[in-house]
Amino acid sequence: MSTDPAEASGTAQGPEQARRLSSARVLDVDPLLDDPKTRIVVCCGSGGVGKTTTAAALGLRAAERGRKVVVLTIDPAKRLAQSMGIDSLDNVPRRVKGTEGDGELHAMMLDMKRTFDEVVEAHADPARAAAILANPFYQSLSAGFAGTQEYMAMEKLGQLRARDEWDLIVVDTPPSRSALDFLDAPKRLGSFLDGRLIRLLTAPAKLGGRAGMAFLNVGMSMMTGTLGKLLGGQLLKDVQTFVAAMDTTFGGFRTRADATYKLLQAPGTAFLVVAAPERDALREAAYFVERLAAERMPLVGLVLNRVHDSGAGRLSAERALAAAENLEDPRIVDQGGGKAGLRNSPDAHGSSRSSAPETAAPAPEEGSPADTERSVDRLTAGLLRLHAERMRLLARERRTRDRFTARHPEVAMVEVPALPGDVHDLAGLRDIGDLLAAAERPERTEHI
């Protein structure tokens, strides 16, 4: 059971805490989107906090304010396409119809394997590209090697930026626990392609056939010998063919990854961390903030999504519960005078009547005024209990948010209220954009 009084009662915050919240930095989104120097906005955060919706809403708002925008999502879910009125998204930007204003909005969803194929086709002659694309080892690598999705997200971002076709690129980062994995992916993939395992697998293959297997069995350790037996000569041959065909492409991977990495550090890039007012989500957000600072990535602020509020915040959880209990059983607080007299009358002292149980009041007849009044009381009590739970939720969210702002007071923040339903069309995305841009908003503490 919690000993935190704010959680137990949902009472109002003190004036000192209210002043601290009112002085917190507020993220102003419109100047960021309107600035022609802002060319890339990267939305990152843990899974399930609304990154895709936030990215789409920002893209729509920027487009309707006159910019030519492409939204790149890494999330394989179809929410973005559905909300933009598109049957499906693929690796090619598609124009979104129904936008207002002079700008344009395009959307696309990363196709990891297709992007990898495009890289091969662009950086190898036709014969070598065909050999790579048909290679079984390449097909396995491009379809599911750890880090490939994040690397290809970086690759696609670099391609989009190099074309210089859009004023603004909004990136919805991969749905992984650590949404900054895409910063490490080029290094991991490059290390794999240049690493000891590739050289180990390639060396025996270069010797060819039985000599290669003899080299594995005799010259390597027991573990390596076992690996060679499990993989077999055919895979070793596939790796040899793959490496021989890709020898000029490995350096290209690393070069482009380094260029994109520097692009993410450039002044024209802005990182937005998206979180929900929950302990785990804000713990991840704190990690993202610290990691971005360590990598010298330009963080502009935090979007705190799905924040709950109440128009009846002056009624605390404690008072709401007391009122509900009183309505459900009036004798807890309001005792009738006749009953009090029955218990305490001197005339009844020592009498057998004093120990006699009270006679229960007859139940009101159905449909009578008394029955209607009891029904209203029960309904009101239920609503009061729901309000108490709501106030406890608000108290938990405030405390969680305050811990984050105390740890990172330098991070500007904008809060987006929780909506009653999912966003499923452009109108919903437009509403989210309006909420994101509502920098001058009344403090929630004024209603609590």
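Residues numbered from 1 in each chain as written. Predicted model: local features only at pLDDT ≥ 70, side-chain atom pairs only at ≥ 80, totals over all residues. Heavy atoms only, no water.

Considerations on the environment of arginine 396
Looking at the element boundaries, arginine 396 is found in helix 18 (residues 369–407). Residue arginine 396 is classed as partly exposed on the basis of its relative accessible area, which comes to 35%. Note: C-alpha distance between arginine 396 and glutamate 278 (118 residues apart in sequence) is 8.2 Å. (Helix = DSSP H or I, 4+ residues; strand = E, 2+ residues; numbered from the N terminus. Buried < 20%, exposed > 50% of the residue type's maximum accessible area, 1.4 Å probe, protein only.)

Section: the sheet that holds strand 4 (residues 104–109)
The strand order across the open sheet formed by eight strands is 3-4-2-5-1-6-7-8, and the pairing between neighbours is mixed. One side of each edge strand has no neighbouring strand; the edge strands of this open sheet are strand 3 (94–95) and strand 8 (413–417). Pairing analysis gives four bridges linking strand 1 (residues 40–44) to strand 5 (residues 168–172), with the strands arranged parallel. Of the residues in strand 5, the one forming a bridge with valine 41 is valine 170. (Pairing = 2+ DSSP bridges.)

Overview of unusual backbone geometry
The phi torsion at aspartate 164 lies on the positive side, around 55°, for a residue other than glycine. Structurally, aspartate 164 is set in the loop between helix 9 (148–163) and strand 5. One non-glycine residue, arginine 296, lies in the positive phi region at around 60°. As for its position among the elements, arginine 296 is in the loop between helix 15 (279–294) and strand 7 (299–307). Residue classification places arginine 296 among the exposed residues on the basis of a relative accessible area of 69%.

Observations regarding the environment of alanine 317
Mapped onto the secondary structure, alanine 317 falls in helix 16 (residues 317–328). Taking the C-alpha atoms as reference, alanine 317 lies 6.7 Å from arginine 392; in sequence the two are 75 residues apart.

Topic: the pairing of strand 7
As paired strands, strand 6 (residues 269–275) and strand 7 are joined by five bridges and run parallel to one another. Counted as the bridge partner of alanine 275 is leucine 304 from strand 7. For the handedness criterion, the β-α-β arrangement of strand 6, helix 15 and strand 7 is classed as right-handed. Where strand 7 and strand 8 come together, four bridges link them in parallel fashion. (Right-handed = clockwise from strand over helix to strand, strands pointing away.)

Re the state of the cysteines
Considering all chains together, one arrives at zero disulfides under this definition. In this structure cysteine 43 is a free cysteine whose sulfur lies 7.8 Å from that of cysteine 44, the closest cysteine sulfur available. Cysteine 44 sits in the buried class, given a relative accessible area of 0%. (Disulfide = S-S within 2.5 Å.)

Structural notes on the confidence of the model for the protein
Considering every residue of the protein, the mean pLDDT works out to 74; 64% of them sit at 70 or more. Note that pLDDT drops below 50 for residues 204–231; the model gives that stretch 29 contacts with residues more than four away or on any other chain. Across residues 441–448, confidence stays below pLDDT 50; counting only partners more than four residues off in sequence or on other chains, it has 28 contacts. (pLDDT = per-residue confidence, 0-100. Contact = heavy atoms within 4.5 Å.)

Quick word on the pattern of salt bridges
One pass over the full model with this rule turns up 21 salt bridges. With a shortest N-O distance of 2.8 Å, aspartate 434 and arginine 61 are connected by a salt bridge. Here arginine 61 lies in helix 4 (residues 51–64) and aspartate 434 lies in helix 19 (residues 426–436), a separation of 373 residues in the sequence. Overall, the relative accessible area of 40% leaves aspartate 434 in the partly exposed class. Between glutamate 64 and arginine 430 there is a salt bridge whose closest N-O contact spans 2.7 Å. Residue glutamate 64 is located in helix 4, and its partner arginine 430 is located in helix 19; the two are separated by 366 residues in the primary sequence. One network of salt bridges, in which partners are shared, links Lys113, Arg114, Asp117, Glu118, Glu121 and Lys156. (Salt bridge = Lys/Arg side-chain N within 4 Å of Asp/Glu carboxyl O.)

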